[in-house]
Amino acid sequence: MSLRLREVQEADNPTLASVIRESLTEFGCNIPGTVFTDPETDRIAQQFTLPRTIYFVAEWNGEVVGGAGINILAGEVDTCELQKLYLHRSARGKGIATELMKLCIAFAKSVGYKAIYLETKKELHVAVPLYEKFGFQHIDHPMGNTGHFSCEIKMLKSL
């Protein structure tokens, strides 16, 4: 079994959008106020073209199975946002999310961010222990202007 992590390409957009929406549907999060309804979910490669942004794609045995990225957090200078960490159900439990997190954190540090913010939903509780393992702390207020009003869990990691 082989894992390959690489930067996103435009050709990845349909597969990534499918993985994200299938994952959200699986956990009952296919609702407004999440990335499920964001038009940007269909254009992931185009979202991560500015300086200090990146999206990593995970390929398992040659198939795109998900990814994760670091993006600008609107309204913040030294804090970025961990975005769109999703894996197809067939790729979970193999350590892929851990490898994606390591890459995202290293990238955020390398481009000078001082903290990483994320939002998630209680239904996606399986991801929270991963975030906590990497030092994300729960906070009680939103940061930036993500538009994800349905995400009640907010977390922050100092770098």
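Residues numbered from 1 in each chain as written. Predicted model: local features only at pLDDT ≥ 70, side-chain atom pairs only at ≥ 80, totals over all residues. Heavy atoms only, no water.

(A) Expanded view of the overall build of the protein chain. Check the secondary structure of the protein chain and you find four helices and seven strands. Taking 159 residues into account, the globule formula puts the C-alpha radius of gyration at 15 Å, and the protein chain, at 14 Å, falls close to it. Its C-alpha atoms give the protein chain principal-axis dimensions of roughly 35 × 35 × 30 Å. By residue count, 50% of the 159 residues in the protein chain fall in the buried class. Contacts spanning at least 24 positions in sequence make up 66% of the contacts within the protein chain whose residues lie at least 6 apart. Carbon and sulfur atoms form 53% of the exposed surface of the protein chain, whose accessible area is close to 7,700 Å². Each charge class in the protein chain can be summarised by its mean position, and for the 17 positive and 19 negative side chains these summaries are 4 Å apart. (Helix = DSSP H or I, 4+ residues; strand = E, 2+ residues; numbered from the N terminus. Rg over C-alpha atoms; globule rule 2.2 N^0.38 Å. Buried < 20%, exposed > 50% of the residue type's maximum accessible area, 1.4 Å probe, protein only. Contact = heavy atoms within 4.5 Å. Areas by Shrake-Rupley, 256 points an atom, 1.4 Å probe, with all protein chains shown as cover. Lys, Arg positive; Asp, Glu negative; His and termini not counted. Charge placed at Lys NZ, Arg CZ, Asp CG, Glu CD.)

(B) Spatial organisation of the sheet that holds strand β2 (residues 54-60). Strand order in the open sheet made by the seven strands is β1-β2-β3-β4-β5-β7-β6, with mixed pairing throughout. Across the chains shown, the open sheet's two edge strands, defined by having one partner strand only, are β1 (3-7) and β6 (137-139). Across the sheet, the axes of successive neighbouring strands diverge by a mean angle of 25°, strand direction being ignored. (Pairing = 2+ DSSP bridges. Axes fitted to C-alpha atoms, helices over the stretch in contact; angles between N-to-C directions.)

(C) Unusual backbone geometry, seen in detail. One non-glycine residue, R52, lies in positive phi territory at about 70°. The class of R52 is partly exposed, set by a relative accessible area of 29%. We note that K84 has phi near 55°; this positive angle belongs to a residue other than glycine. Its place among the elements puts K84 in strand β4 (residues 79-87).

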